[in-house]
Amino acid sequence: MNEQTNNRAETDPQPPLLRRRANIALAVLAGRTVVLQLTTLAGQVALARYLEPHDFGVYAVIRFALSFFAFFGDVGLGGGLVQKKEAPTEAEISSVFTLQVLLSLGIVTVVWLGAGLVDHVWTDLPTSGPWLLRILALDLFLTALRTLPSILMERSLQFVKLAGLDVVLGLAFYVTAITLARQHFGSNALVIAVVVQGALGAVLAFALHPFRPRLMIDRVALRPLVKFGIPFQLFQIVGFLNGAVTPIYAGAALGVRSLGFINWAQDTAYFPLKAVEIVGRVGFPLYSRLQSDARALGESFGRAVHLCAIATAFFVGLAFSMGANIIHVVFTDKWMPALPLLYIYAGAISIGFYTPVMGAALNATGRQST
């Protein structure tokens, strides 16, 4: 009985413990972000030097095509587990795990059978394009394996473990990608690095939060999760469709090389959104636990908006004042044609940063569809 009580307290901590864990989580994730973003920055600079805009364009197309298929295999069940007021039951956890694994296997099968269709949309892809998509699809299954232990750690705000996992996986991706890029693997280096990262993530997630789910589907246990999860997923699809214009139009109409410039400018300009992601990542489980306390919820949300606004304003100012110099010194002049795009995307996030912050609050309080 005591063991069950302790496990429940760990999964469903009380408000005072929640606030302490949230503060620790913000500090840990801030430190994690400093380490991870320094790694990311160094990795992006190295890849920009070893790879060509065409390679980034091919990778962007393949990633988008895979994301398109992946949305049909996700009904937001993970978000439903995090948002629940009560601790999830064994039946709920096992049912979500089983369903996500089955859905991911189904999507991987569909991708392998339909990968050849990408050539009809993006005609200047290399002949290896369909096979790159098939290989990258394996990451969907690996991600499904990692999702449940990560969600259980996130629900209980165990962000120390999650931060360590993120750093290790970030290092694994860039070490693999840069090593292969130096060997002239081109866009293949990025695809292989994703799969290596996914395999390592699945192993480490279970090591950090061991559990043995049963292979089962309990419809009664899944029903409330699906009720929350479908609107939650629809909310994510809106953002996906908004971002789909670039890879579909630019990749098909302007060519993969032009898409490489666009993708690089967007990724560089959106760098401060990593700080916003931290606040949203901690905010979702925190707001979910505080949804019955309007005052505490409002105070937490206000602090989140203030913090994100400061971080975004600093980077936007840096992009506008020193963008050309940064490209010349750090990324080399082959990326200079993307400078106007860098200005456009930097201007967009000066307001757009608010969307993911508000999204976390809406999702946590079950108001995705409002």
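**Observations concerning the side chain of Arg 146**
Here is step 1: You can see Arg 146 is positioned in helix H7 (residues 129–155).
Here is step 2: No salt bridge is formed by the buried Arg 146. Its closest oppositely charged neighbour is Asp 139, at 5.2 Å.
Here is step 3: If we skip the residues at most four places from it in the chain, Arg 146 touches Leu 169, Gln 197, Gly 198, Gly 201, Ala 202 and Ala 205.

**Quick look at a nonpolar patch on the surface**
Here is step 1: Judged by side-chain polarity, Trp 112, Trp 131, Ile 135 and Leu 138 come together as a nonpolar surface patch covering roughly 380 Å² of accessible area.
Here is step 2: Per element, the largest residue contribution to the nonpolar patch is three residues, and it comes from H7.
Here is step 3: You can see Leu 138 is positioned in helix H7.

**A closer look at the pattern of salt bridges**
Here is step 1: Under the counting rule described, the total for this entry stands at two salt bridges.
Here is step 2: One salt bridge in this structure joins Glu 52 and Lys 334, with 3.8 Å as the shortest N-O distance. Of the two residues, Glu 52 sits in the loop between helix H2 (15–50) and helix H3 (53–71) while Lys 334 sits in the loop between helix H13 (294–331) and helix H14 (339–352), which places them 282 residues apart along the sequence.
Here is step 3: Ionic pairing is found between Glu 90 and Arg 214, a salt bridge with its closest N-O pair at 3.3 Å. With Glu 90 in helix H5 (residues 90–114) and Arg 214 in the loop between helix H9 (187–208) and helix H10 (219–254), this residue pair connects regions lying 124 residues apart in the sequence.

**Description of the environment of Thr 143**
Here is step 1: If you trace the backbone, Thr 143 turns up in helix H7.
Here is step 2: Of the residues examined, Thr 143 reaches a relative accessible area of 26% and is grouped as partly exposed.
Here is step 3: The spacing of Thr 143 and Val 101 is 42 residues in sequence and 9.1 Å in space, taken between C-alpha atoms.
Here is step 4: Within the structure, the side chain of Thr 143 is placed 2.8 Å from the backbone oxygen of Asp 139, a separation counted as a polar contact.

**Quick word on the nonpolar core**
Here is step 1: Within the largest apolar cluster, 49 residues are counted, with the highest numbers of intra-cluster contacts made by Leu 47, Leu 125, Phe 173, Leu 190, Trp 264 and Trp 335.
Here is step 2: The residues touching Trp 335, leaving out its near neighbours within four places in the chain, are Ala 48, Pro 53, Phe 56, Gly 260, Phe 261, Trp 264 and Ile 327.
Here is step 3: In terms of nonpolar packing, the next biggest core, distinct from the first, is built from 17 residues, Leu 273, Tyr 287, Val 305 and Val 316 among them.

**Some thoughts on unusual backbone geometry**
Here is step 1: Backbone geometry at His 184 places phi at a positive 65 degrees, although glycine is not the residue there.
Here is step 2: Non-glycine residue Thr 332 carries a positive phi angle of around 80 degrees.
Here is step 3: Residue placement: Thr 332 occurs in the loop between H13 and H14.

**Describing the packing of H7 against helix H8 (residues 159–182)**
Packed helix pairs are specified by the crossing angle of their axes together with the interaxial distance, meaning the distance between the axes.
Here is step 1: Between H7 and H8, the least distance of the axes is 8 Å, while the angle of their chain directions is 140 degrees. In terms of orientation, H7 lies oblique with respect to H8. In the packing of H7 onto H8, the handedness of the crossing is left-handed. On the side of H7, the interface is formed by Arg 146, Ser 150, Met 153 and Glu 154, while H8 contributes Phe 159, Lys 161, Leu 162, Leu 165 and Leu 169.
Here is step 2: Residues of the contact of H7 with H8, tallied by class, amount to five nonpolar, one polar and three charged.

**Some details on the packing of aromatic side chains**
Aromatic rings considered in pairs are described by the distance between their centres and by the relative angle of their planes.
Here is step 1: Applying the stated rule across the entire model yields nine aromatic pairs.
Here is step 2: For the pair Phe 173 and Tyr 174, a centre-to-centre distance of 4.9 Å together with 85 degrees between the ring planes defines the contact as edge-to-face.
Here is step 3: Classification of Phe 173 as buried rests on a relative accessible area of 11%.
Here is step 4: On the accessibility criterion, Tyr 174 (10% relative accessible area) is buried.
Here is step 5: Taking 5.4 Å as the distance between ring centres and 25 degrees as the angle between the ring planes, the aromatic pair formed by Trp 264 and Trp 335 counts as stacked. Taken together, the residues span a long stretch of sequence, with Trp 264 in helix H11 (residues 256–269) and Trp 335 in the loop between H13 and H14 at a distance of 71 residues. Comparing Trp 264 with Trp 335 shows no difference in burial state: the two are buried.
Here is step 6: Through successive ring pairs, a cluster of aromatic residues spans Phe 56, Phe 261, Trp 264, Phe 331 and Trp 335.
Here is step 7: Over the aromatic face of Trp 131 sits the side chain of Arg 134, whose NZ or CZ is 4.6 Å from the ring centroid.

**Some thoughts on the confidence of the model for the protein chain**
Here is step 1: Averaged over every residue, the pLDDT of the protein chain is 76; residues scoring 70 or more account for 76%.
Here is step 2: The secondary structure element of the protein chain with the lowest average pLDDT is helix H1 (residues 2–11), at 43, and the one with the highest is H9, at 89.
Here is step 3: Note on residues 1–12: pLDDT is under 50 here. Beyond four places in sequence and across chains, it has 14 contacts.

**Overview of the packing of H5 against H7**
Here is step 1: At a minimum axis distance of 9 Å, the contact between H5 and H7 shows a crossing angle of 175 degrees. One element, H5, and the other, H7, form an angle in the roughly antiparallel class. Seen from H5, the contacting residues are Ile 93, Val 96, Phe 97, Gln 100, Val 101, Ser 104, Leu 105, Ile 107, Val 108, Val 111 and Trp 112; seen from H7, they are Trp 131, Leu 133, Arg 134, Ala 137, Leu 138, Leu 140, Phe 141, Ala 144, Leu 145, Thr 147, Leu 148 and Leu 152.
Here is step 2: Of the residues that constitute the contact of H5 with H7, the class distribution is 19 nonpolar, three polar and one charged.

**As for the side chain of Asp 139**
Here is step 1: Along the chain, Asp 139 turns up in helix H7.
Here is step 2: Not counting chain neighbours up to four residues away, the residues in contact with Asp 139 comprise Arg 63, Val 194 and Gly 198.

Criteria and cut-off values
Residues numbered from 1 in each chain as written. Predicted model: local features only at pLDDT ≥ 70, side-chain atom pairs only at ≥ 80, totals over all residues. Heavy atoms only, no water. Helix = DSSP H or I, 4+ residues; strand = E, 2+ residues; numbered from the N terminus. Buried < 20%, exposed > 50% of the residue type's maximum accessible area, 1.4 Å probe, protein only. Lys, Arg positive; Asp, Glu negative; His and termini not counted. Salt bridge = Lys/Arg side-chain N within 4 Å of Asp/Glu carboxyl O. Contact = heavy atoms within 4.5 Å. Patch = residues over 30% accessible without salt bridge, like charges linked within 9 Å, V, L, I, M, F, W, Y side chains within 5 Å. Areas by Shrake-Rupley, 256 points an atom, 1.4 Å probe, with all protein chains shown as cover. Polar contact = N/O pair within 3.5 Å; in protein donor to acceptor, adjacent residues only side chain to side chain. Core = buried A, V, L, I, M, F, W, Y, C linked by side-chain atoms within 4.5 Å. Axes fitted to C-alpha atoms, helices over the stretch in contact; angles between N-to-C directions. Parallel < 35°, antiparallel > 145°, perpendicular 65-115°, else oblique. Left-handed = near helix turned anticlockwise from the far one by under 90°. Nonpolar A, V, L, I, M, F, W, Y, C, P; charged D, E, K, R; others polar. Phe/Tyr/Trp six-rings, centres within 6.5 Å; stacked < 30°, edge-to-face > 60°. Lys NZ or Arg CZ within 6 Å of the ring centre and 35° of its normal. pLDDT = per-residue confidence, 0-100.

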